[in-house]
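Coordinate inspection notes
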Amino acid sequence: MLRTAVLAFALSLGVAVVHAQTPSHNDANDFPQQIAQWRSTRLANLTAPNGWLSLIGLDWLQEGANRIGSAADNDIVLKAGPAHLGVVTLAKNGSLHIVLDANSGATVNGKSVREADLIDDMHAGDASPSVVAFGSASFLVIERDGRKALRVKDSNAETRTHFAGLDNFPADPSWRIVADWVPFNPPHELEIGSVLGTINKEKVPGKAVFHRDGHTYELMPIQEEPDTLFFVIADRTSGRETYGAARFLYADLPKDGKVVLDFNRAYNPPCAFTPYATCPLAPPENRMDLAVTAGEKKYSGGH
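Residues numbered from 1 in each chain as written. Predicted model: local features only at pLDDT ≥ 70, side-chain atom pairs only at ≥ 80, totals over all residues. Heavy atoms only, no water.

1. A word on the overall build of the protein
Stated precisely, the cut-off is as follows: A helix here means a DSSP run of H or I that spans at least four residues, while a strand means a run of E at least two residues long, and both kinds are numbered starting from the N terminus. Only protein chains enter the accessibility calculation, which uses a 1.4 Å probe; a residue whose area is less than 20% of its type maximum is buried, one above 50% is exposed, and one in between is partly exposed. Here, residues are in contact when the closest pair of their heavy atoms is within 4.5 Å. Residues scored as charged are limited to Lys and Arg (positive) and Asp and Glu (negative), so that His and the chain ends carry no count. Here the site of a charge means atom NZ of a Lys, CZ of an Arg, CG of an Asp or CD of a Glu.
Secondary structure summary: the protein contains three helices and 16 strands in total. Taking the principal axes of the C-alpha coordinates as reference, the protein spans close to 65 × 40 × 35 Å. For the protein, the proportion of its 303 residues judged to be buried stands at 52%. Considering only contacts in the protein between residues 6 or more positions apart, those separated by 24 or more positions represent 60%. Each charge sign in the protein was given a centre, from 28 positive and 35 negative side chains, and these centres are 2 Å apart.

Now the structure itself:
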């Protein structure tokens with residue numbers, strides 16, 4: 001599942017997913033402070049040493065032995081680390097095994113070992129995927145559309161050390177919209193593409209319907225966490241003031257037939273900051289003929 005992939009990597013890096021945390025009517029007067037706090041948490045997560053800005057590679061594994069290291073004679077040439085880190089073997093059944101070079105100084109899940117089996121992000125269950133660490137850098141294995149890749153990060157990545165900061169539209173309470181919730185029974189199916197060109201079919205529990213400037217709009221979320229809805233959206237600012245592919249928005253579960261969409265908390269996917277992420281694209285159903293002048297703007301230091 002595509003949303004699982006986004007969440008799995010965030011959790012594997014120890015990065016908190018930024019949820020809606022929708023304010024109640026009782027504390028609506030604290031709106032500016034709430035948005036400021038939300039943005040502060042968002043920035044801290046993004047710029048953390050193991051956050052999305054630390055990515056330096058996305059290298060697809062071939063079946064069989066894959067020699068890995070920073071030297072040019074490797075099958076996968078890393079942007080950081082020892083010249084010869086070791087060999088990752090991908091078996092026909094999808095299992096993974098690494099044998100580290102004796103001089104690599106690397107660890108697997110914090111332990112100094114010569115070899116170990118590796119678990120990718122889609123098969124880790126409630127645990128974290130295996131992490132191979134070497135100096136300021138590390139990698140884990142991800143699976144996308146049946147293929148496996150090394151996702152490499154480095155706390156000294158240029159994207160992190162030269163981060164240009166976040167830019168947002170001014171906080172505007174008019175973009176905190178209480179929408180009608182129309183449940184689907186049974187859930188509908190929504191096709192969501194990705195930057196890799198893959199298509200994922202996701203279950204949609206319902207739709208949020210709201211009105212703005214005399215027009216009606218509908219948005220369809222997916223739900224792979226028990227307490228939130230996850231929207232992948234685009235609008236008339238996309239590709240202009242905001243990131244072109246999509247923005248993300250979380251909302252609390254519907255209550256009394258209503259769902260709160262706070263577009264002030266719409267934010268950029270990891271692909272706005274790095275070419276080494278595997279982000280979803282906004283489906284046609286969630287591309288609004290409306291300029292949503294709220295939330296995060298296009299990243300000025302974008303690749």
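The structure having been displayed, the exposition proceeds.
2. Details of the sheet that holds strand β12 (residues 199–212)
Here is the rule: Only when DSSP finds a minimum of two bridges between them are two strands counted as paired. Simply put, an axis is a line fit to the C-alpha atoms, just over the touching stretch for a helix, and the angle between two N-to-C directions goes from 0 to 180 degrees.
Read across the open sheet, the four strands follow the order β13-β12-β11-β16; overall the sheet is antiparallel. At either margin of the open sheet sits one strand with a lone partner, and together these are β13 (215–219) and β16 (258–262). Taking each pair of neighbouring strands and ignoring which way they run, the sheet shows an average axis angle of 45°. One ladder, built from five bridges, connects β12 with β13; its direction is antiparallel. Each residue of the ladder has a partner; that of phenylalanine 210, found in β13, is tyrosine 217.

3. Here's the deal with the environment of histidine 162
Defined as follows: Counting of polar contacts relies on pairs of N or O atoms within 3.5 Å, with two restrictions inside protein: one atom must be capable of donating a hydrogen and the other of accepting it, and residues adjacent in sequence are counted only when both atoms are side-chain atoms.
Its place among the elements puts histidine 162 in the loop between α3 (158–161) and β11 (176–193). Classification of histidine 162 by relative accessible area gives exposed; the value is 57%. Separated by 139 residues in the primary sequence, histidine 162 and glycine 301 have C-alpha atoms spaced 8.8 Å apart. A polar contact of 3.0 Å, which involves the side chain of histidine 162, links it to the side chain of threonine 161.

4. As for helix α2 (residues 31–47)
Quick note on the threshold: Given a helix with a known number of residues, its expected span is that number minus one, times 1.5 Å. This arc is built from the directions going out from the helix axis to the C-beta atoms.
Relative to the 24 Å expected for 17 residues at 1.5 Å per residue, α2 spans 24 Å between its end C-alpha atoms, a close match to the ideal helical length. Burial in α2 covers these residues: Phe31, Gln34, Ile35, Trp38, Arg39, Arg42, Asn45 and Leu46. Here the buried residues of α2 occupy an arc of 130° about the axis, which is enough to place them on one side. As for α2, its buried residues are in contact with β11 and β16.

5. Here's the deal with the sheet that holds strand β7 (residues 115–118)
One open sheet holds the five strands; their spatial order is β3-β2-β4-β5-β7, and the pairing between them is mixed. One side of each edge strand has no neighbouring strand; the edge strands of this open sheet are β3 (76–77) and β7. Both strand β2 (residues 64–69) and β3 contribute to a ladder of two bridges, which runs parallel. When the bridges of β3 are listed, glycine 69 appears paired with valine 77.

6. A closer look at the pairing of strand β9 (residues 137–144)
Summarising burial for β9: eight of the eight residues are buried, a large majority. Both faces of β9 are covered, namely the face carrying Ala137, Phe139, Val141 and Glu143 and the face carrying Ser138, Leu140, Ile142 and Arg144. For strand β8 (residues 132–134) and β9, the ladder comprises three bridges, and the chain directions are antiparallel. Opposite valine 132, over in β9, you have phenylalanine 139 as the bridge partner.

7. Examining the environment of glutamate 63
Along the chain, glutamate 63 turns up in the loop between β1 (55–60) and β2. Sequence separation of glutamate 63 and glycine 110 is 47 residues, and the distance between their C-alpha atoms is 26 Å. In this structure glutamate 63 touches Leu90, Ala91 and Lys92, once residues within four positions along its chain are discounted.

8. Structural notes on the nonpolar core
Using the following cut-off: We define a nonpolar core as any set of buried Ala, Val, Leu, Ile, Met, Phe, Trp, Tyr and Cys residues linked to one another through side-chain atoms lying within 4.5 Å.
Counting residues in each nonpolar core, the largest one holds 24 residues, and the members touching the most others are Leu85, Ile98, Leu118, Val132 and Phe139. For this core, the elements supplying multiple residues, two or more each, are β4 (86–90), β5 (96–100), β7, β8, β9 and β10 (147–154). Setting aside residues up to four positions removed in sequence, valine 132 forms contacts with Leu85, Ile98, Leu100, Ala106, Thr107, Val108, Leu118, Ala137, Ser138 and Phe139. Membership of the second largest hydrophobic core comes to 21 residues, among which are Trp175, Ala179, Leu229 and Phe231.

9. Remarks on the pattern of salt bridges
As a reminder of what qualifies: When a carboxyl oxygen of Asp or Glu lies within 4 Å of a side-chain nitrogen of Lys or Arg, that pair is called a salt bridge.
Using the criterion set out here, one finds eleven salt bridges in the structure. Between glutamate 296 and arginine 42 there is a salt bridge, with the nearest N and O atoms lying 2.9 Å from each other. One end of the pair, glutamate 296, is in the segment after β16; the other, arginine 42, is in helix α2, with 254 residues separating them in the sequence. The burial state of glutamate 296 is the same as that of arginine 42; both residues are buried. The residue glutamate 189 makes a salt bridge to lysine 203 at a minimum N-O spacing of 4.0 Å.

All we've got here are geometric facts, nothing functional implied.
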